[in-house]
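Residue strings, one per chain:
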Amino acid sequence: MLADKRILLIIGGGIAAYKALELIRLLRAAGAGVVPVLTAGGAQFVTPLSVAALAGHPVHQDLFDLTTEAEMGHIQLSRAADLVVVAPCTADLMAKMAGGHADDLASTLLMATDKRVLIAPAMNVRMWQHPATRRNLAMLQADGVQVVGPARGDMACGEHGPGRLSEPATILAAIEAALGGGPLRGRHVLVTSGPTHEPIDPVRYIANRSSGAQGTALAAALRDLGARVTFVTGPATVAPPQGVAVVAVETARQMLAAVEAALPADAAVCAAAVADWRVAHEASQKMKKGAGGLPVLEFAENPDILATLSRHAQRPPLVVGFAAETENVVDHATQKRLRKGCDWIVANDVSPATGIMGGAENAVHLITADGAEAWPRLPKSEVAARLAGRIADHLNGKPA
Ligand code: CTP
């Protein structure tokens, strides 16, 4: 599965570092080459000798060693890999990554790499739950860093809860999925995301409050399951994920053209908050106040991208829409599913009191031909992971 893949494995300091030895064994058994890097903390828990022996490769520990070698500097080491894995990833390493530090070999490699990064955090439960770690995690995820775990359970420090390093087999599965071996391997999924901007004149436009967070999280989750993702995004405030094909658009009409150009696809998810209307006649110069009183804007209806896709000659086998509602969420979304002709609708209540639009969490109902399923309020990344899993199951013929 991982034949010819090269993993740069950074082993951080923590009692769980011993599990990195098993991870190296599993990676090599799966055919991967492992280039190990041991932090100063990591070297307190496992020896360079055992790491090198299992990896079949010398261990890198010192930034200075690398920078003195003209041919094998940190830049080259960070780029020759297919994937950078940090396991265990300590609270301190997460903080360094989030803050952009480069004061030792591991943090410098993480700053210099142009490859995807997967971290497997492991730390005391209080450290994991600390607001600083929560902040760092959110920043890293927004930067496109993939995260596996931590698992829950008894910890070496005697406490219980989330913080244990995921089992090596789980980390291996995440590595395989990150390298395109997941259940959506070979599938093409189209995602629309963000708001659209509809120009009034060269300096003004109509917009909405969508941040693009849910669509971005979804694209990342689909990518993590191995899909090739085309991400058609309006001007969102959240940066697009790494490892997906980004098509940046402004208006609804541009979004539709980009979506049609990306077909065929195995599935499409329309998470964009598309403006329903545009100004019928965009002014070519900035509109001036004064003369002629208040301007009156005439509107024209925008194309409905979801409805167009659902009835397209190249209709993806699975078309999923979102429904932004402020009342009678399930009823309205159920009608919307039929009206738009899509297969599933993810319905969310976007009334200001819910804090969902522009927020970090979402509480959704999944509406299918079989009815409505209420999901608990979850971080948008978890809603995305669940939905991506359901899409994978559906495309692979597994019952819900
Ligand atoms: N959508 C779209 N193109 C549009 C409008 C909406 O593709 N021009 C998609 C959205 O991406 C979403 C779904 O349609 O997946 C529903 O969007 P929503 O804003 O909830 O519905 P509207 O079509 O605007 O309907 P209404 O105004 O009646 O709520």
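Residues numbered from 1 in each chain as written. Predicted model: local features only at pLDDT ≥ 70, side-chain atom pairs only at ≥ 80, totals over all residues. Heavy atoms only, no water.

A. Spotlight on the site of the ligand. Close to the ligand lie 15 residues; C270, A272, L306, K336 and K340 are nearest. A324 is positioned with one of its backbone polar atoms (N or O) 2.9 Å from an oxygen atom of the ligand. Between the ligand and K340 there is a distance of 2.4 Å, counted from an oxygen atom to a side-chain nitrogen or oxygen. When isolated, the ligand has an accessible area of 570 Å², and the protein chains bury 80% of it. When contributions to the shell around the ligand are tallied by element, the ones reaching two or more residues are helix 12 (305-310), strand 16 (318-325) and helix 13 (329-340). The leading source of residues in the shell around the ligand is strand 16, at four residues. (Near = heavy atom within 4 Å. Polar contact = N/O pair within 3.5 Å; in protein donor to acceptor, adjacent residues only side chain to side chain. Areas by Shrake-Rupley, 256 points an atom, 1.4 Å probe, with all protein chains shown as cover. Helix = DSSP H or I, 4+ residues; strand = E, 2+ residues; numbered from the N terminus.)

B. A look at the domain arrangement of the protein chain. According to the domain assignment, the protein chain consists of domain 1 (6-180) and domain 2 (188-395). For domain 1 and domain 2, the distance between their C-alpha centres works out to 35 Å. Counting from both sides, the interface comprises seven residues of domain 1 and, opposite them, five residues of domain 2. At the surface where domain 1 touches domain 2, the tally comes to zero salt bridges. Along the contact surface separating domain 1 from domain 2 lie one residue pair in polar contact (both at pLDDT 80 or more). Broken down by element, the residue count for the side of domain 1 that touches domain 2 peaks at three residues, all from helix 9 (residues 168-181). Split into classes, the residues belonging to the side of domain 1 that touches domain 2 amount to two nonpolar, three polar and two charged. (Domains from an automatic or database assignment. Contact = heavy atoms within 4.5 Å. Salt bridge = Lys/Arg side-chain N within 4 Å of Asp/Glu carboxyl O. Nonpolar A, V, L, I, M, F, W, Y, C, P; charged D, E, K, R; others polar.)

C. Broad picture of the pattern of salt bridges. Using the criterion set out here, one finds 14 salt bridges in the structure. Of the charged contacts, one joins K19 and E167 as a salt bridge, the two residues approaching to 3.2 Å between their closest N and O atoms. With K19 in helix 1 (residues 17-29) and E167 in the loop between strand 7 (160-164) and helix 9, this pair connects stretches of sequence that are 148 residues apart. Between E325 and K336 there is a salt bridge; the shortest N-O distance is 2.7 Å. Linking E325 in strand 16 with K336 in helix 13, this pair joins segments that are 11 residues apart in sequence. Exposure class is identical for E325 and K336. Each is buried. Three or more residues are tied together by salt bridges with common partners; here these are K19, R164 and E167. (Buried < 20%, exposed > 50% of the residue type's maximum accessible area, 1.4 Å probe, protein only.)

D. Up close: the sheet that holds strand 19 (residues 364-368). An order of 12-11-8-13-16-17-19-20 is seen for the eight strands of this open sheet, with the pairing classed as mixed. Edge strands, defined here as strands with exactly one partner in the open sheet, are strand 12 (245-248) and strand 20 (371-374). Averaged over all adjacent pairs, the angle separating strand axes in this sheet is 15 degrees, with direction ignored. Here strand 8 (residues 188-193) pairs with strand 11 (residues 228-233) via six bridges, running parallel. Note on strand 11: the bridge partner recorded for V191 is F231. Packed on one face of the sheet, helix 11 (residues 252-262) meets strand 8, strand 11 and strand 12 and runs near 175 degrees to strand 8. Along the sheet, helix 13 contacts strand 16, strand 17 (344-349), strand 19 and strand 20; its crossing angle with strand 17, the most-contacted strand, is approximately 150 degrees. (Pairing = 2+ DSSP bridges. Axes fitted to C-alpha atoms, helices over the stretch in contact; angles between N-to-C directions.)

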